[in-house]
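Single-letter residue listing:
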Amino acid sequence: MLQLVIGIVIFAAVGAVAGVFLSWLSGKFRVQESPAADRIYEILPHTECGQCGHPGCRPYANAVADGKDACNKCIPGGRETALEIAKIMGIDPAEAETGEAPAPGAAFIDESRCIGCGKCQTVCPVDCIVGASRMKHTVIRKDCTGCGKCVKACPTECIIMDEIKESPESWDYEFSEESLR
Ligand code: SF4
Ligand code: SF4
Ligand code: SF4
(Lines give C-alpha, C1' and ligand atoms only; values in the text may rest on other atoms or scores of the structure.)
(Ligands and ions follow the chains in the order given, each with its own letter.)
Protein backbone atom coordinates (compact mmCIF):
# COMPACT_ATOMS: atom_id res chain seq x y z
CA MET A 1 0.00 0.00 0.00
CA LEU A 2 2.82 2.34 1.01
CA GLN A 3 4.52 1.64 -2.31
CA LEU A 4 1.37 2.61 -4.16
CA VAL A 5 1.11 5.91 -2.28
CA ILE A 6 4.80 6.67 -2.92
CA GLY A 7 4.30 5.86 -6.62
CA ILE A 8 1.32 8.23 -6.87
CA VAL A 9 3.21 11.02 -5.08
CA ILE A 10 6.25 10.62 -7.38
CA PHE A 11 4.00 10.52 -10.46
CA ALA A 12 2.17 13.71 -9.34
CA ALA A 13 5.45 15.47 -8.55
CA VAL A 14 6.94 14.61 -11.98
CA GLY A 15 3.73 15.80 -13.68
CA ALA A 16 3.79 19.10 -11.77
CA VAL A 17 7.45 19.74 -12.62
CA ALA A 18 6.85 18.90 -16.30
CA GLY A 19 3.84 21.26 -16.37
CA VAL A 20 5.83 24.15 -14.91
CA PHE A 21 8.70 23.47 -17.34
CA LEU A 22 6.40 23.38 -20.39
CA SER A 23 4.67 26.57 -19.30
CA TRP A 24 8.09 28.27 -18.92
CA LEU A 25 9.13 27.02 -22.39
CA SER A 26 5.96 28.30 -24.09
CA GLY A 27 6.43 31.72 -22.51
CA LYS A 28 10.11 31.87 -23.48
CA PHE A 29 9.62 30.89 -27.12
CA ARG A 30 6.31 32.63 -27.82
CA VAL A 31 6.51 34.70 -31.02
CA GLN A 32 6.17 38.31 -30.01
CA GLU A 33 3.74 40.13 -32.33
CA SER A 34 3.41 43.86 -32.13
CA PRO A 35 0.08 45.60 -31.53
CA ALA A 36 0.55 47.35 -34.90
CA ALA A 37 0.83 43.96 -36.62
CA ASP A 38 -2.38 42.85 -34.91
CA ARG A 39 -4.23 45.97 -36.05
CA ILE A 40 -2.94 45.65 -39.61
CA TYR A 41 -3.88 41.97 -39.66
CA GLU A 42 -7.42 42.82 -38.57
CA ILE A 43 -8.07 45.09 -41.55
CA LEU A 44 -6.58 42.76 -44.19
CA PRO A 45 -9.06 40.81 -46.34
CA HIS A 46 -7.88 37.41 -45.05
CA THR A 47 -8.14 35.71 -48.42
CA GLU A 48 -4.63 34.32 -47.81
CA CYS A 49 -3.96 34.63 -51.55
CA GLY A 50 -0.23 35.36 -51.30
CA GLN A 51 -0.25 38.15 -53.87
CA CYS A 52 1.61 40.44 -51.46
CA GLY A 53 4.60 38.12 -51.75
CA HIS A 54 4.08 36.59 -48.30
CA PRO A 55 2.58 33.20 -47.50
CA GLY A 56 -0.50 34.84 -45.96
CA CYS A 57 -2.02 37.89 -44.30
CA ARG A 58 -0.35 37.39 -40.90
CA PRO A 59 3.22 37.31 -42.28
CA TYR A 60 2.46 40.37 -44.41
CA ALA A 61 1.07 42.25 -41.40
CA ASN A 62 4.20 41.36 -39.41
CA ALA A 63 6.48 42.47 -42.25
CA VAL A 64 4.75 45.86 -42.58
CA ALA A 65 4.74 46.43 -38.82
CA ASP A 66 8.48 45.65 -38.73
CA GLY A 67 9.12 48.12 -41.56
CA LYS A 68 10.23 45.31 -43.88
CA ASP A 69 7.52 45.80 -46.50
CA ALA A 70 5.34 48.57 -47.91
CA CYS A 71 1.71 49.34 -47.10
CA ASN A 72 0.40 48.83 -50.61
CA LYS A 73 1.14 45.20 -51.39
CA CYS A 74 -2.27 43.71 -50.61
CA ILE A 75 -4.06 43.43 -53.94
CA PRO A 76 -7.50 42.37 -52.68
CA GLY A 77 -7.37 45.12 -50.04
CA GLY A 78 -6.52 47.75 -52.64
CA ARG A 79 -5.89 51.41 -52.04
CA GLU A 80 -8.36 51.70 -49.18
CA THR A 81 -6.48 49.10 -47.13
CA ALA A 82 -3.11 50.69 -48.00
CA LEU A 83 -4.34 54.01 -46.62
CA GLU A 84 -5.68 52.35 -43.47
CA ILE A 85 -2.33 50.65 -42.92
CA ALA A 86 -0.54 53.97 -43.45
CA LYS A 87 -2.74 55.48 -40.74
CA ILE A 88 -1.87 52.67 -38.31
CA MET A 89 1.83 53.05 -39.07
CA GLY A 90 1.61 56.83 -38.71
CA ILE A 91 3.03 57.56 -42.13
CA ASP A 92 1.96 60.07 -44.76
CA PRO A 93 -0.88 58.56 -46.86
CA ALA A 94 0.96 59.61 -50.02
CA GLU A 95 3.83 57.34 -48.96
CA ALA A 96 1.46 54.39 -48.95
CA GLU A 97 1.38 54.68 -52.70
CA THR A 98 5.09 54.90 -53.28
CA GLY A 99 6.99 51.74 -54.08
CA GLU A 100 5.89 49.33 -56.70
CA ALA A 101 2.58 47.67 -55.94
CA PRO A 102 1.89 44.33 -57.62
CA ALA A 103 -0.36 44.61 -60.66
CA PRO A 104 -3.93 43.59 -59.87
CA GLY A 105 -4.84 40.45 -61.76
CA ALA A 106 -7.89 38.27 -62.20
CA ALA A 107 -8.53 34.84 -63.61
CA PHE A 108 -10.04 34.30 -67.04
CA ILE A 109 -11.36 30.96 -68.35
CA ASP A 110 -10.99 30.05 -72.00
CA GLU A 111 -14.40 28.40 -72.20
CA SER A 112 -13.62 26.62 -75.48
CA ARG A 113 -11.24 24.35 -73.52
CA CYS A 114 -13.23 24.00 -70.29
CA ILE A 115 -14.49 20.43 -69.66
CA GLY A 116 -16.64 21.41 -66.68
CA CYS A 117 -14.81 19.30 -64.12
CA GLY A 118 -15.37 21.90 -61.38
CA LYS A 119 -11.88 21.56 -59.87
CA CYS A 120 -11.38 25.32 -60.08
CA GLN A 121 -14.58 25.93 -58.11
CA THR A 122 -13.44 23.61 -55.36
CA VAL A 123 -10.24 25.53 -54.70
CA CYS A 124 -11.51 29.10 -55.15
CA PRO A 125 -11.37 30.71 -51.69
CA VAL A 126 -13.91 33.42 -52.52
CA ASP A 127 -16.38 31.33 -54.50
CA CYS A 128 -16.26 33.51 -57.60
CA ILE A 129 -16.32 30.76 -60.26
CA VAL A 130 -19.71 29.78 -61.60
CA GLY A 131 -20.70 26.76 -63.67
CA ALA A 132 -22.50 23.43 -63.36
CA SER A 133 -20.93 19.99 -63.65
CA ARG A 134 -19.82 19.20 -67.24
CA MET A 135 -20.79 22.73 -68.31
CA LYS A 136 -18.55 25.67 -69.16
CA HIS A 137 -17.31 27.62 -66.16
CA THR A 138 -16.63 31.31 -65.88
CA VAL A 139 -15.05 33.72 -63.38
CA ILE A 140 -16.87 36.66 -61.80
CA ARG A 141 -13.85 38.86 -62.27
CA LYS A 142 -14.91 41.69 -60.01
CA ASP A 143 -14.82 39.28 -57.03
CA CYS A 144 -11.61 37.47 -58.03
CA THR A 145 -8.69 38.17 -55.69
CA GLY A 146 -6.17 36.93 -58.26
CA CYS A 147 -4.77 34.25 -55.95
CA GLY A 148 -4.12 31.90 -58.90
CA LYS A 149 -5.23 28.75 -57.07
CA CYS A 150 -7.67 27.83 -59.86
CA VAL A 151 -4.88 28.03 -62.46
CA LYS A 152 -2.95 25.28 -60.70
CA ALA A 153 -6.08 23.14 -60.24
CA CYS A 154 -7.29 23.17 -63.85
CA PRO A 155 -6.42 19.94 -65.71
CA THR A 156 -6.82 21.47 -69.17
CA GLU A 157 -4.79 24.62 -68.46
CA CYS A 158 -7.61 26.79 -69.72
CA ILE A 159 -7.39 29.40 -66.96
CA ILE A 160 -5.06 32.34 -67.33
CA MET A 161 -4.32 35.28 -65.06
CA ASP A 162 -4.45 38.62 -66.74
CA GLU A 163 -4.04 42.14 -65.54
CA ILE A 164 -7.11 44.19 -64.69
CA LYS A 165 -6.99 47.29 -66.83
CA GLU A 166 -8.11 50.52 -65.23
CA SER A 167 -11.47 51.69 -66.56
CA PRO A 168 -14.12 54.20 -65.49
CA GLU A 169 -15.82 51.26 -63.71
CA SER A 170 -12.70 50.13 -61.80
CA TRP A 171 -11.29 53.59 -60.96
CA ASP A 172 -11.48 54.32 -57.23
CA TYR A 173 -12.85 57.85 -57.15
CA GLU A 174 -13.01 58.02 -53.38
CA PHE A 175 -9.27 57.44 -53.10
CA SER A 176 -8.15 59.40 -56.13
CA GLU A 177 -4.88 61.37 -56.07
CA GLU A 178 -6.75 64.57 -55.17
CA SER A 179 -8.29 63.04 -52.05
CA LEU A 180 -4.81 62.38 -50.65
CA ARG A 181 -3.79 66.04 -50.70
S1 SF4 B 1 -2.34 39.98 -50.70
FE2 SF4 B 1 -3.63 40.68 -48.99
S3 SF4 B 1 -5.20 39.11 -48.77
FE4 SF4 B 1 -3.58 38.21 -50.03
S5 SF4 B 1 -2.25 37.14 -48.52
FE6 SF4 B 1 -1.39 39.18 -48.84
S7 SF4 B 1 -2.29 40.42 -47.20
FE8 SF4 B 1 -3.56 38.55 -47.36
S1 SF4 C 1 -11.08 32.70 -59.58
FE2 SF4 C 1 -9.08 31.74 -59.31
S3 SF4 C 1 -7.67 33.45 -59.02
FE4 SF4 C 1 -9.73 34.24 -58.69
S5 SF4 C 1 -10.04 34.07 -56.46
FE6 SF4 C 1 -10.88 32.21 -57.39
S7 SF4 C 1 -9.18 30.72 -57.30
FE8 SF4 C 1 -8.29 32.76 -56.96
S1 SF4 D 1 -10.82 23.35 -63.66
FE2 SF4 D 1 -10.57 24.07 -65.78
S3 SF4 D 1 -11.64 22.52 -67.01
FE4 SF4 D 1 -12.31 22.24 -64.89
S5 SF4 D 1 -14.21 23.48 -64.76
FE6 SF4 D 1 -12.51 24.78 -64.09
S7 SF4 D 1 -11.88 25.89 -65.94
FE8 SF4 D 1 -13.13 24.16 -66.61
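Residues numbered from 1 in each chain as written. Chains lettered and ligands numbered in written order. Predicted model: local features only at pLDDT ≥ 70, side-chain atom pairs only at ≥ 80, totals over all residues. Heavy atoms only, no water.

Visitor: Give me the lowdown on the overall build of the chain, citing residues and values where you can.
Guide: Per the secondary structure count, the chain includes six helices and four strands. Along the chain, helices and strands appear, N-terminal first, in the series α-α-α-α-β-α-β-β-α-β. The buried share among the 181 residues of the chain stands at 31%. Within the chain, counting contacts between residues at least 6 apart in sequence, those at least 24 apart form 59% of the total. Looking at the chain as shown, the accessible area adds up to about 11,800 Å², and 59% of this sits on carbon and sulfur atoms. (Helix = DSSP H or I, 4+ residues; strand = E, 2+ residues; numbered from the N terminus. Buried < 20%, exposed > 50% of the residue type's maximum accessible area, 1.4 Å probe, protein only. Contact = heavy atoms within 4.5 Å. Areas by Shrake-Rupley, 256 points an atom, 1.4 Å probe, with all protein chains shown as cover.)

Visitor: Explain the site of ligand 2 to me, and be specific about the residues and the numbers.
Guide: Near ligand 2 you find 13 residues, and of these Cys 124, Cys 144, Cys 147, Gly 148 and Cys 150 are the closest. When the residues that make up the shell around ligand 2 are grouped by side-chain class, the tally is ten nonpolar, three polar and no charged. (Near = heavy atom within 4 Å. Nonpolar A, V, L, I, M, F, W, Y, C, P; charged D, E, K, R; others polar.)

Visitor: Which residues make up the site of ligand 3, and what values do they have?
Guide: Close to ligand 3 lie 13 residues; Cys 114, Cys 117, Gly 118, Cys 120 and Cys 154 are nearest. Of the residues contributing to the shell around ligand 3, the split by class is nine nonpolar, four polar and no charged.

Visitor: Any details on the pattern of salt bridges? Residues and values, ideally.
Guide: Tallied over the full model, the rule gives six salt bridges. Across the pair Asp 162 and Arg 141 runs a salt bridge, and its minimum N-O distance is 2.8 Å. Of this pair, Asp 162 sits in strand S4 (residues 159–163) while Arg 141 sits in the loop between strand S3 (138–139) and helix H6 (149–153); the two residues are 21 residues apart in sequence, bridging distant segments of the chain. Where Asp 143 meets Lys 142, a salt bridge forms, and the shortest distance between an N and an O atom there is 3.3 Å. (Salt bridge = Lys/Arg side-chain N within 4 Å of Asp/Glu carboxyl O.)

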